[in-house]
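Overview (structure and organization)
So you can see what is in the structure, the chains are spelled out below.
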Amino acid sequence: MKYPPSASECRISEIFSSLQGEGIHLGERHIFIRFEECHIHCEYCDELDKVGHLHTQNSVLEKVTALETDKGPHSFISLTGGEPLIYLAFLKPLLKNLKLRGFKTYLETDGILHQPLQDVLHLCDCIAMDMKPPSVTKEKDFREQHRRFLEIATKQETFVKIVLSKEIVHQEFFDLVGIIRDVAPKTPLVLQPISRDLEGHQDQELMALLEELQRNALRQIPNVRIVPRLHKILKIQ
Ligand code: SF4
């Protein structure tokens, strides 16, 4: 990491109020705390060029409290990134501080770092975990890490999101569905069309592929949804 975090200081690229644009809490009002860095690099990522600023526990809590007063009430404080779990030293006391102030917490994560998750699981009200097919991310294969992550996460409210492009290798997708089926079959699975120059929901061929994958996945697990990114459709932050 460029800037190793401590319990008292950490680099955060933005803190803002908006609508949750992804997953099963789509459309709710959330406050987003976006951590700067990630430990992997998905080919389609549009977050990693955002520059962070040094924050303390107090500066984050002051900003969150001001946003709650000005733009609340909010359903959740969403810890996002980047990858929040690489900031464990800062994240854990921050989650505790948010819970002490009565906020509900929502962890958006790439679903890989299962050991840090153990440490903060009891402080997370909802876990939005990704599963990453390498044919889409052009990254490593994280199937085993996703399995272990889901085994832990499922003790709290959890859903899985898979970003899909037309490059998806179908066997990779069905292996990921098989992990959900074997570990926690009632976990909702969200299929999200990839965003590149064209937002995925505008690509009819991609949407037809997602429907085919959805129908096949529904033969194994009961809750599979196609959810494009709302904030891109509404053109909001
Ligand atoms: S896991 Fe998320 S933040 Fe990290 S590179 Fe992939 S899309 Fe970007």
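A short tour of the structure in this document, coming up. (Residues numbered from 1 in each chain as written. Predicted model: local features only at pLDDT ≥ 70, side-chain atom pairs only at ≥ 80, totals over all residues. Heavy atoms only, no water.)

1. Let's talk about the overall build of the protein
Which entries qualify depends on this criterion: The helix and strand labels rest on DSSP assignments: H or I over at least four residues marks a helix, E over at least two residues marks a strand, and numbering proceeds from the N terminus. Radius of gyration: over C-alpha atoms. The globule rule applied is 2.2 Å multiplied by the number of residues raised to the 0.38 power. Accessible surface is estimated by sampling points in the Shrake-Rupley manner with a 1.4 Å probe; for residues, cover comes only from the protein chains shown. In this charge count, Lys and Arg are treated as positive and Asp and Glu as negative; neither His nor the chain ends contribute. One atom stands in for each charge, and that atom is NZ of Lys, CZ of Arg, CG of Asp or CD of Glu.
Helix and strand content of the protein: 8 helices and 9 strands. For 237 residues, the compact-globule estimate of 2.2 N^0.38 gives 18 Å, and the protein sits close to it at 17 Å. For the C-alpha atoms alone, the extent of the protein along its principal axes is close to 50 × 35 × 35 Å. If you sum the accessible surface of the protein, you get close to 10700 Å²; carbon and sulfur atoms cover 49% of it. Computed over 30 positive and 34 negative side-chain charges, the inter-centroid distance for the protein is 3 Å.

2. Regarding unusual backbone geometry
For the bond running from G72 to P73, omega is 5°, close enough to zero to count as cis. Summarising the element assignment, P73 is placed in the loop between helix 1 (57–71) and strand 4 (76–80). With an omega of 15°, the peptide bond running from G81 to G82 counts as cis. Within the secondary structure, G82 sits in the loop between strand 4 and helix 2 (88–100). For K235, which is not glycine, the phi torsion reads 55° and is therefore positive. Along the chain, K235 falls in the segment after helix 8 (230–234).

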